[in-house]
Every structure is written in structure tokens, then in C-alpha cells.
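Reading the structure
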Amino acid sequence: TYTEDLNDLNAENLALYDALMIYANWNEIESSQEKALLDFVASGKGFLPLHCASYCFRNSEEYVKMVGGQFWRHTMDSVTTITTDATHEIMRGLNPFTAYDETYLHTKLQPDNHILAEREIKSDQFSDKPDVKTEPYTWTRTYGKGKVFYTAYGHDDRTWSKKGFQDLIYNAILWSVDAEALRAFKARNPK
């Protein structure tokens, strides 16, 4: 289900889903929407903020904490995956890929982020993060009982059309949902 209506962030509607993916540019979230979203994830549901979602809802410190960091600035360049945990079920069997994308740098990175992949910081961003050679680019974390997956990849079709990116997102969705939802997914028998 796809929506652009923030009013869909309510407990009744979210109860219909096993996971929520955010790929959007919303500056603010209302307190009732924030509560519904935070409660949804904390209850054990999956949450997948992609790319620009790390700059959403900047009026909610708790949202930024749940995501695991906040977008700060970027340039554009080729970004190649540097896998840091090939054994994680999201990354297992995935090949690194290169995409022309926005080279996100983040602030407010949470110390308990489980980094799955990084990217090289190139010369045009050396002054932004002196003496730092890589930037966390894909990570997981927990929020209450919920599983959170974030990747900075995803600016446009130059990334979305890459099989490596599609496989990453597919694996992340399946990882994020609870055991009951995953069993139901595996048991489906589409005609």
C-alpha cells in the first residue's frame, strides 16, 4: 500500500501492516502521528526508513533516534558498497554494487547502530569530516521490540534500478517483519 497522506499514520491504519517503509521529505510530524508511528515500531513491527527519510520529521528527536541518525549534507558521486557485516541475514549472499547517488553524511548517529555497510568519503567531503575515511551507509537497530533498517542509498532510478539495491531492500523487508508475518509470506501460494 502506498500513501502520501500523513493522516495514515494512525494506530488503526498501521495495525493493518507488518512493516512501514518511509521514502519521503516531510519536515514535521504531528504528535498524534508521531505516537502512532513510534508505538507501531516499538510493538514489534518492521520499520524501513530509506534515503531521505533520515531527514524527515526533524521536530521529533525520538524519530531521529529510532532511525539511528539524521541526514546532514551531501554531494553526488559513485557510491560503492563496503560491506562490514557479510554474515547478517540482510547482507548474506549480496554482492557489493555501485550506484551514482547522493553521498550522504549523517549527524546524530546512534552508538547502537549495527553497521552493515559503509561508503568511502571522497576528497570533496574531507573537510566535512576530517580524519574520517568512511561513512555508515546502511545499518540496523532495534526500537522497542521492532526492527529498524536504514540505508542512505536511493536518490533516484540510477540506484533503484540496480539489482543489488533491490535485493538489499527485499532482504531488509523480510528481516524486519516478525516471525508470524514471515511464515505467512513464505506460505503464500499466488496463482
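Data block above holds the structure.
Residues numbered from 1 in each chain as written. Predicted model: local features only at pLDDT ≥ 70, side-chain atom pairs only at ≥ 80, totals over all residues. Heavy atoms only, no water.

Thoughts on the packing of aromatic side chains
Which entries qualify depends on this criterion: Stacked, tilted and edge-to-face pairs are distinguished by plane angle, under 30 degrees for stacked and over 60 for edge-to-face with tilted covering the rest, among Phe, Tyr and Trp rings (Trp via its six-membered ring) whose centres lie within 6.5 Å. In this text, helices come from DSSP runs of H or I with a minimum length of four residues, and strands from runs of E with a minimum of two, each type numbered from the N-terminal end. Buried, partly exposed and exposed residues are distinguished by accessible area as a fraction of the type maximum, computed with a 1.4 Å probe on protein chains only: under 20%, between the cut-offs, and over 50%, respectively. Only when the NZ atom of a Lys or the CZ atom of an Arg is both within 6 Å of the ring centre and within 35 degrees of the ring normal do we say a charge sits over the ring.
Scanning all chains against the criterion turns up eleven aromatic pairs. Both rings, one in Tyr-55 and one in Phe-71, keep their centres 5.3 Å apart while their planes meet at 85°; by these two values the pair is edge-to-face. In this pair, Tyr-55 is assigned in the loop between strand S2 (46–49) and helix H3 (61–67) and Phe-71 in strand S3 (residues 70–73), connecting sequence segments 16 residues apart. The class of Phe-71 is buried, set by a relative accessible area of 13%. Among the aromatic side chains, those forming a connected cluster through ring pairs are Tyr-23, Phe-97, Tyr-137, Tyr-153, Trp-160 and Phe-165. The aromatic ring of Tyr-55 is capped on one face by Arg-58, whose charged end is 3.8 Å from the ring centroid.

Examining the layout of surface pockets
To find the voids left in a structure, one rolls a probe of water-molecule size over its atoms. Keep this limit in mind: For each structure, a 1 Å grid was placed over the protein atoms alone; sets of points admitting a 1.4 Å probe that cannot get out are labelled cavities, open sets with protein on both sides within 12 Å along at least five of seven lines are labelled pockets, and lining residues have an atom within 4 Å of a point. Grid points are joined across faces, edges and corners, and a volume is the space filled by probe spheres set on the points. Under the grouping applied here, Gly and all other residues not named as nonpolar or charged are polar, the nonpolar ones being Ala, Val, Leu, Ile, Met, Phe, Trp, Tyr, Cys and Pro and the charged ones Asp, Glu, Lys and Arg.
Of the voids in this model, the largest pocket is the one considered here, and its volume is about 790 Å³. Around the largest pocket, the lining is made up of 23 residues, and of these Thr-1, Tyr-2, Thr-3, Leu-20 and Met-21 lie nearest the centre. Contributing elements (two or more residues each) for the lining of the largest pocket: helix H1 (11–14) and strand S1 (19–22). Ranked by residue count, the leading element in the lining of the largest pocket is S1, at four residues. Here the residues of the lining of the largest pocket sort into 16 nonpolar, three polar and four charged.

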